[in-house]
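# Chain and residue survey
Residues per chain, in single letters:
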Amino acid sequence: MTSIGIHDLELATAHHVLDLTRLAEYNGTDPAKYHLGLGQDQMSFPAPDEDIITMGASAALPILERNGAEGIRTLLFATESGVDQSKAAGVSVHRLLGLPRHVRVTEFKQACYGGTAALQAAIGIVSRFPGERVLVISSDVARYALDSPGEPTQGAGAVALLVSADPALVEIEPATGLYTDDVDDFWRPNDSSTAVVDGALSVSAYLDALTGSWDDLQAHGGPGIAEIDRLLYHQPFTKMAKKGQQRLARHTGADLSAALTAAEQANAGDARDTGLFTGSIYNRRLGNSYTASVFAALAALLDHDDDLAGRRIGMFSYGSGSVSEFLTGTVRPGYARRDRAERVAAALNARAPLEVAEYRELHGRVFPSTQDLETPRVTSAPFRFSGLLGRARQYERR
Ligand code: COA
């Protein structure tokens, strides 16, 4: 059977950053609650001329520059912070990237799981047409109400994947574990710009979905826990991955390290290190990027672990509501790309810091689609949301 998987990958962040120590000082919280209790240090926050489309296009651009557009006949865009009820965000990205006309473009939605659904659809397309390549973009702005428990777990980011036969980075294995459960843990009504969340329920629903999809992976001939070298999790906040790791260790009886920080790693004893700390390096600084989160974890692992060639990675993808999947893949030799680690670090370091008052003002800013609008020029990304004309969103290359 043809090997199919992730041939290339790139991450993009939003223009601004809010340091969670500042947020803690503002609302009188012990900063340790955010840094240790939630495992989050910062959150990316979009400028007024950024959104899921500009971030998604920015993530995909370097992939096209490296690989060209030849063979790309499908662009799948996953998001749960969509900007239109009808038009797929990927259609705007298609134009911004200058892709040829003979491409199918569509949008995937199921909370944070949508990117994994798109990846599996892409693998299906490539298995039928092995000469084709599929661009999969996961892009989101995670936004909860000001002063709510979810506020410190906001964030923004996009990850683009190029899916192909004979991939250079990760071959995705056919066996997979699935789990769906109709639960009201998190959703965003059509008339709300922020998500509604039952935090405690979302944590327990995530953990139940993890064991449920793991059991299904086992029932479908997937590898046992001893045959998986690294484990990655969807990270609404990085401490959630630690909770997941602890649950999986109990469920399987394996001795897996739950060290999420460098300090915890130093005291982890003999427990098996499966990359919990390494896989959280980007998400700790991005905040929740919803559909992109599990792929940001993959990027962090690929960029910071020198011993991955031939190793098997397990990836747990969870989307509230809920749908989840436990998939596995093996890392190809020659996967390491130091230049990407440097690019991501530079992009994260270059974000423009926000004071809490500025962040709160931006958070509350809503552009009604009924008025034409020119957005201020703020972003330094390759693409910008330039405004509204006749209720239609306008985008341009900077
Ligand atoms: N120092 C260190 N840790 C501290 C602390 C301090 N001073 N104060 C609190 N903490 C810890 C708590 O013990 C807790 O850790 P635990 O979960 O390991 O027990 C953690 O910080 C969170 O605090 P808690 O008071 O339990 O939660 P909260 O009411 O602030 O809400 C969420 C946390 C995640 C439920 C909330 O941020 C949320 O709703 N997020 C959005 C939904 C989400 O991301 N769900 C995840 C599944 S999709």
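Cut-offs applied
Residues numbered from 1 in each chain as written. Predicted model: local features only at pLDDT ≥ 70, side-chain atom pairs only at ≥ 80, totals over all residues. Heavy atoms only, no water. Buried < 20%, exposed > 50% of the residue type's maximum accessible area, 1.4 Å probe, protein only. Helix = DSSP H or I, 4+ residues; strand = E, 2+ residues; numbered from the N terminus. Pairing = 2+ DSSP bridges. Axes fitted to C-alpha atoms, helices over the stretch in contact; angles between N-to-C directions. Parallel < 35°, antiparallel > 145°, perpendicular 65-115°, else oblique. Contact = heavy atoms within 4.5 Å. Nonpolar A, V, L, I, M, F, W, Y, C, P; charged D, E, K, R; others polar. Core = buried A, V, L, I, M, F, W, Y, C linked by side-chain atoms within 4.5 Å. Domains from an automatic or database assignment. Salt bridge = Lys/Arg side-chain N within 4 Å of Asp/Glu carboxyl O. Buried area = accessible area lost by both parts, 1.4 Å probe. Near = heavy atom within 4 Å. Polar contact = N/O pair within 3.5 Å; in protein donor to acceptor, adjacent residues only side chain to side chain. Areas by Shrake-Rupley, 256 points an atom, 1.4 Å probe, with all protein chains shown as cover. Left-handed = near helix turned anticlockwise from the far one by under 90°.

## Quick notes on the pairing of strand β16 (residues 383-389)
Within β16, six of the seven residues are buried, which leaves the element mostly enclosed by the surrounding structure. With two bridges joining them, strand β15 (residues 373-374) and β16 adopt antiparallel strand pairing. Looking at β16, one finds that Leu373 is bridged to Leu388. Sheet topology places β16 next to strand β17 (residues 392-397); six bridges connect them, and they run antiparallel.

## So, the packing of helix α1 (residues 20-27) against helix α12 (residues 356-364)
For any two helices packed against each other, one specifies the inter-axial angle together with the distance between the axes. Look at α1 against α12: their axes get within 10 Å of each other, and the N-to-C directions meet at 90 degrees. On the basis of their axis angle, the class for α1 and α12 is roughly perpendicular. Residue-level contacts link Arg22, Leu23 and Tyr26 of α1 to Val356, Tyr359 and Arg360 of α12. Among the residues forming the contact of α1 with α12, the class breakdown is four nonpolar, no polar and two charged.

## Details of the nonpolar core
Of all hydrophobic cores here, the largest spans 43 residues; its most connected members are Leu9, Leu119, Leu161, Val163, Leu298 and Leu302. Tallying contributions element by element places helix α10 (residues 293-304) first for this core, with nine residues. There are two domains that each give this core at least three residues, and those are domain 1 (4-169 + 339-397) and domain 2 (171-336). Setting aside chain neighbours within four positions, we find Leu302 in contact with Leu9, Leu169, Val170, Leu308, Val331, Tyr335 and Arg340. Residues Leu20, Tyr34, Leu210 and Ile225 belong to the second largest nonpolar core, which totals 37 residues.

## So, the pattern of salt bridges
Within the structure shown, the criterion is met by 21 salt bridges. Between Asp303 and Arg340 there is a salt bridge; the shortest N-O distance is 2.7 Å. With Asp303 in helix α10 and Arg340 in helix α11 (residues 338-349), this residue pair connects regions lying 37 residues apart in the sequence. Note on accessibility: Asp303 and Arg340 belong to one class, buried.

## As for the domain arrangement of the protein
Assigned domains within the protein: domain 1 (4-169 + 339-397) and domain 2 (171-336). Placing a centre on the C-alpha atoms of domain 1 and another on those of domain 2 gives a separation of 20 Å. Between domain 1 and domain 2, the contact holds 59 residues from the first and 49 residues from the second. Taken over both partners, the interface formed by domain 1 and domain 2 buries close to 4300 Å², and the fraction arising from carbon and sulfur atoms is 56%. Our count for the contact surface shared by domain 1 and domain 2 stands at three salt bridges.

## With respect to the site of the ligand
Neighbouring the ligand are 18 residues, the closest being Lys33, Pro149, Ser202, Lys239 and Lys243. Between the ligand and Asp30, the relevant distance is 2.9 Å, taken from a nitrogen atom to a side-chain nitrogen or oxygen of the residue. Taking Pro149, its main chain carries an N or O atom lying 2.8 Å from an oxygen atom of the ligand. Against a free-state accessible area of 970 Å², the protein chains account for coverage of 66% of the ligand. Listing elements by their share of the shell around the ligand, those giving two or more residues are α2 (31-38), α6 (199-219) and α7 (238-252). It is α2 that provides the largest number of residues to the shell around the ligand, a total of four residues. Of the residues belonging to the shell around the ligand, the class tally is eight nonpolar, six polar and four charged.

## With respect to the packing of helix α3 (residues 52-67) against helix α4 (residues 89-96)
Running from N to C, α3 and α4 point in directions that differ by 50 degrees, and their axes come no closer than 9 Å. Compared by their axis directions, α3 and α4 come out oblique. Note on packing geometry: the crossing formed by α3 with α4 is right-handed. Contact residues: Ile52, Ile53 and Ala57 in α3; Ala89, Ser92, Val93 and Leu96 in α4. Classifying every residue of the contact of α3 with α4 gives six nonpolar, one polar and no charged.

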